[in-house]
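Now for the letters of each chain:
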Amino acid sequence: MTTGKLSRKVEDLDSLRFMMNLLREIREKQSSIDMEINPIMDMYQMLEYYLPSGFMEKEEIDKKTVLRTNWKKLVSQAITRTDELSKTQIGFKRGLVKDISTFKTDIVQVSNCFLCLCPKREPFSTLLSWRIN
């Protein structure tokens, strides 16, 4: 999981689904990450205590140092992104409700035009007997 995936723009339902799945993965991993990081940190602490100074490379020490910090940043970014998506969700819902309303109106118009322009035959009139409320 990278912060790059979290910074993707949500423009449609597919990108929203991707983001929601990513946030779910982070929440699931968050509960177990301490159990995974703590043993690693304990081992490094033991190595630093018993090995002579300079035995571990500076790059490895730097990675160890930023491991927990990077995870906290990722969780913080996920929380921020969740809040942003909650606000975005309202816009998606409004658009969906508007589209459904327009669709209902279009169906009524099409069925009325069809009934007016076409001869009334039994199969067609039974097909169009349903209405959307």
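Just so it is clear, the model here is predicted, and its values are computed rather than measured.

Visitor: What is the right way to look at the nonpolar core in this model?
Guide: Nonpolar side chains in soluble globular proteins generally cluster together in the buried interior. Of all hydrophobic cores here, the largest spans 15 residues; its most connected members are Leu 6, Met 19, Leu 23, Ile 26, Trp 71 and Leu 85. Looking at this core, the elements with two or more residues in it are helix H2 (13–50) and helix H3 (58–117). With 8 residues, the single largest contributor to this core is H2. The residues contacting Leu 6, other than those within four sequence positions of it, are Met 19, Leu 22, Leu 23, Ile 26, Leu 74, Gln 77, Ala 78 and Arg 81.

Visitor: I keep staring at the layout of surface pockets and nothing clicks. Help me out?
Guide: Any space left empty among the atoms is revealed by the rolling of a water-sized probe across them. By volume, the largest pocket is sized at about 240 Å³. Lining the largest pocket we find 13 residues, and of these Leu 13, Leu 16, Gln 89, Phe 92 and Lys 93 sit closest to its centre. Those elements that place two or more of their residues in the lining of the largest pocket are H2 and H3. With 10 residues, H3 is the single largest residue contributor to the lining of the largest pocket. A breakdown of the residues in the lining of the largest pocket according to their chemical character gives 6 nonpolar, 5 polar and 2 charged.

Visitor: What is the right way to look at H3 in this model?
Guide: Every α-helix carries 3.6 residues per turn, so stepping three or four residues along brings you back to the same face. The first and last C-alpha atoms of H3 sit 82 Å apart over 60 residues, in line with the 88 Å expected at 1.5 Å per residue. The largest bend in H3 amounts to roughly 35° and is located at Val 66. Buried residues of H3: Lys 64, Trp 71, Leu 74, Val 75, Ala 78, Arg 81, Leu 85 and Ser 111, and no others. Tucked into the core, H3 has its buried residues touching helix H1 (3–6) and H2.

Visitor: Help me understand the side chain of Ser 111 in this model?
Guide: Within the secondary structure, Ser 111 is located in helix H3. Side-chain polar atoms of Ser 111 contact the backbone oxygen of Val 108, separated by 3.0 Å.

Visitor: Can you walk me through the side chain of Ser 15 in this structure?
Guide: Here Ser 15 lies in helix H2. Of the polar contacts made by the side chain of Ser 15, one reaches the backbone nitrogen of Glu 11; its length is 3.0 Å. Non-local contacts of Ser 15, meaning those with residues more than four positions away in its chain, are made with Lys 9 and Val 10.

Visitor: Please explain the pattern of salt bridges as it appears in this structure.
Guide: Working definition: two side chains of opposite charge can pair if their charged atoms are close together. As enumerated under the stated definition, the model contains 7 salt bridges in all. Here Glu 28 ties to Arg 24 by a salt bridge, and the two come within 3.4 Å at their closest N and O atoms. With Glu 28 and Arg 24 both in helix H2, this residue pair falls 4 residues apart, about one helical turn. Among the residues examined, Arg 24 registers a relative accessible area of 36% and is labelled partly exposed. The shortest N-O distance in the salt bridge between Lys 64 and Glu 48 comes to 3.1 Å. Of this pair, Lys 64 sits in helix H3 while Glu 48 sits in helix H2, placing them 16 residues apart in sequence. For Glu 48, a relative accessible area of 38% translates into the label partly exposed.

Visitor: Would you explain the environment of Met 20 in this entry?
Guide: Structurally, the position occupied by Met 20 is in helix H2. Met 20 gets classed as partly exposed once you look at its relative accessible area, which sits at 41%. On a C-alpha basis, the gap between Met 20 and Leu 6 in space is 10.0 Å, while along the polypeptide they are 14 residues apart.

Here is what the cut-offs are and how they apply
- Residues numbered from 1 in each chain as written.
- Predicted model: local features only at pLDDT ≥ 70, side-chain atom pairs only at ≥ 80, totals over all residues.
- Heavy atoms only, no water.
- Core = buried A, V, L, I, M, F, W, Y, C linked by side-chain atoms within 4.5 Å.
- Buried < 20%, exposed > 50% of the residue type's maximum accessible area, 1.4 Å probe, protein only.
- Helix = DSSP H or I, 4+ residues; strand = E, 2+ residues; numbered from the N terminus.
- Contact = heavy atoms within 4.5 Å.
- 1 Å grid on protein atoms, 1.4 Å probe; cavity = no way out; pocket = protein on both sides within 12 Å on 5 of 7 lines; lining within 4 Å.
- Points joined across faces, edges and corners; volume = space filled by probe spheres on them.
- Nonpolar A, V, L, I, M, F, W, Y, C, P; charged D, E, K, R; others polar.
- Expected span 1.5 Å × (residues − 1).
- Bend = angle between axes of the 7 residues up to and from the residue.
- Polar contact = N/O pair within 3.5 Å; in protein donor to acceptor, adjacent residues only side chain to side chain.
- Salt bridge = Lys/Arg side-chain N within 4 Å of Asp/Glu carboxyl O.

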